[in-house]
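# Reading the structure
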Amino acid sequence: MIPKLEVSGVSYSYHSLDGETLALSDISFNVSSGEFVAIVGPSGCGKSTLLSMLSGLTRPEKGSVSIDGRPLEKSPTAIGYMLQKDHLFEWRNVLSNVSLGLEIQKRLDEPARLELLDMMSAYGLAGFEYAKPSELSGGMRQRAALIRTLALKPDILLLDEPFSALDYQTRLSVCDDISSIIRKTHKTAILVTHDLSEAISVADRIVVLTPRPGRVKKILSIEFPQAAPAHWTGAIARNSPTILIRCGRS
Ligand SMILES: Nc1ncnc2c1ncn2[C@@H]1O[C@H](COP(=O)(O)OP(=O)(O)OP(=O)(O)O)[C@@H](O)[C@H]1O
Ligand SMILES: [Mg+2]
């Protein structure tokens, strides 16, 4: 079966006056439709560079990225990219922040606005539609950033350390919220994190990168003794007495 996303022999170097920095070397892995894959590796190993190539914002120097068997740049598939910083604009209220992408694409009609209001209510932001971003907690800001990303109805979600600014307790609950939202909406998702336990608690598979230049060190499959339930969340994973981790390179 053709994978949803195929990363094949990707390398990337940054060039500056001081010379060349090889960030990524010969990265290959596949992601199936509806799969949740985490990318883990030490700081500076090229995780954000890789995500930026998966979004199409940066082109690989070598190798290729395909979606549904077509080169990324020719694919009509919508990709949502949630950056590490939430980038909510303080001069816009929360509703007009989450609707920004739709507004830019001239798709903000009344049904779309009502759908956003429903999402805000479903994700714990009811009553904050007309608040300023500074009135939200860290977790609420992350959820607003996720709604803004989901509003464009992407098929593939790219998440760059979305929980790293949060304290540990908030991080656990926001991570659970966001991973269950992603699972319920059956998105194909790629999450970058430096936290292996976070990766184990949310992902179907984990791509572990080496220190820079990032190469694929291992690909781990996370399996539960019983089939993962439909309401599967990180909290269930963390409380599961046994999680099987299988190593492979596919
Ligand atoms: N614009 C740039 N110009 C030059 N070098 C860069 C640039 N952006 C990143 N790098 C270098 O490329 C390497 C990979 O950077 P990248 O941001 O992808 O790492 P990362 O794994 O996301 O790190 P972190 O976990 O700290 O976010 C690093 O050594 C970094 O210094
Ligand atoms: Mg990064």
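Summary of the structure given here. (Residues numbered from 1 in each chain as written. Chains lettered and ligands numbered in written order. Predicted model: local features only at pLDDT ≥ 70, side-chain atom pairs only at ≥ 80, totals over all residues. Heavy atoms only, no water.)

### Focus on the overall build of the chain
Each helix and strand in the chain was counted, giving 8 helices and 11 strands. Relative to its 250 residues, the chain shows a buried fraction of 52%. For the chain, the accessible surface area stands at approximately 12,300 Å², while carbon and sulfur atoms represent 53% of it. (Helix = DSSP H or I, 4+ residues; strand = E, 2+ residues; numbered from the N terminus. Buried < 20%, exposed > 50% of the residue type's maximum accessible area, 1.4 Å probe, protein only. Areas by Shrake-Rupley, 256 points an atom, 1.4 Å probe, with all protein chains shown as cover.)

### A short note on the side chain of Glu 35
In this fold, Glu 35 is placed in the loop between strand 2 (19-31) and strand 3 (36-40). Glu 35 gets classed as buried once you look at its relative accessible area, which sits at 12%. A polar atom in the side chain of Glu 35 sits 2.6 Å from the side chain of Arg 205. (Polar contact = N/O pair within 3.5 Å; in protein donor to acceptor, adjacent residues only side chain to side chain.)

### Quick look at the pattern of salt bridges
The tally for this structure, following the rule as stated, stands at 8 salt bridges. When the shortest N-O distance is used, the salt bridge between Lys 4 and Asp 68 registers 3.1 Å. Linking Lys 4 in the segment before strand 1 (5-16) with Asp 68 in the loop between strand 4 (62-67) and strand 5 (70-71), this pair joins segments that are 64 residues apart in sequence. Judged by its relative accessible area of 10%, Lys 4 is buried. By relative accessible area, which is 35% here, Asp 68 ends up partly exposed. Between Arg 113 and Glu 110 there is a salt bridge, with its nearest N and O atoms 3.4 Å apart. Of this pair, Arg 113 and Glu 110 both sit in helix 4 (residues 110-122), 3 residues apart, roughly one helical turn. You can call Arg 113 partly exposed: its relative accessible area is 28%. Classification of Glu 110 by relative accessible area gives partly exposed; the value is 44%. One salt-bridge network, held together by shared partners, links Lys 4, Asp 68 and Asp 155. (Salt bridge = Lys/Arg side-chain N within 4 Å of Asp/Glu carboxyl O.)

### Topic: the sheet that holds strand 5
Reading across the sheet, the 4 strands line up as 2-1-4-5 and stay open at both edges, with antiparallel pairing between neighbours. Two strands lie at the open edges of the sheet, namely strand 2 and strand 5, each paired on one side alone. As defined by bridge partners, strand 1 adjoins strand 4 across 5 bridges and the pair is classed as antiparallel. Residue pairing in the sheet places Val 7 in a bridge with Val 65 of strand 4. Of the strands in this sheet, strand 1, strand 2 and strand 4 are in contact with helix 1 (residues 47-55), which crosses strand 2 at around 60°. (Pairing = 2+ DSSP bridges. Contact = heavy atoms within 4.5 Å. Axes fitted to C-alpha atoms, helices over the stretch in contact; angles between N-to-C directions.)

### Digging into the site of ligand 1
Around ligand 1 sit Tyr 14, Ala 23, Pro 42, Ser 43, Gly 44, Cys 45, Gly 46, Lys 47, Ser 48, Thr 49, Glu 161 and Arg 212, and those are all the residues in its vicinity. Within the side chain of Ser 43, an N or O atom sits 2.6 Å from an oxygen atom of ligand 1. In isolation ligand 1 offers 630 Å² of accessible surface; the protein chains occlude 61% of this area. With 3 residues, the top contributor of residues to the shell around ligand 1 is helix 1. (Near = heavy atom within 4 Å.)

### Re the pairing of strand 4
Across 2 bridges, strand 4 lies against strand 5 in antiparallel orientation. Considered in strand 5, the bridge of Ile 67 is made with Arg 70. Hairpin connection of strand 4 to strand 5: 2 residues between the antiparallel strands, including Asp 68 at a positive phi of 50°.

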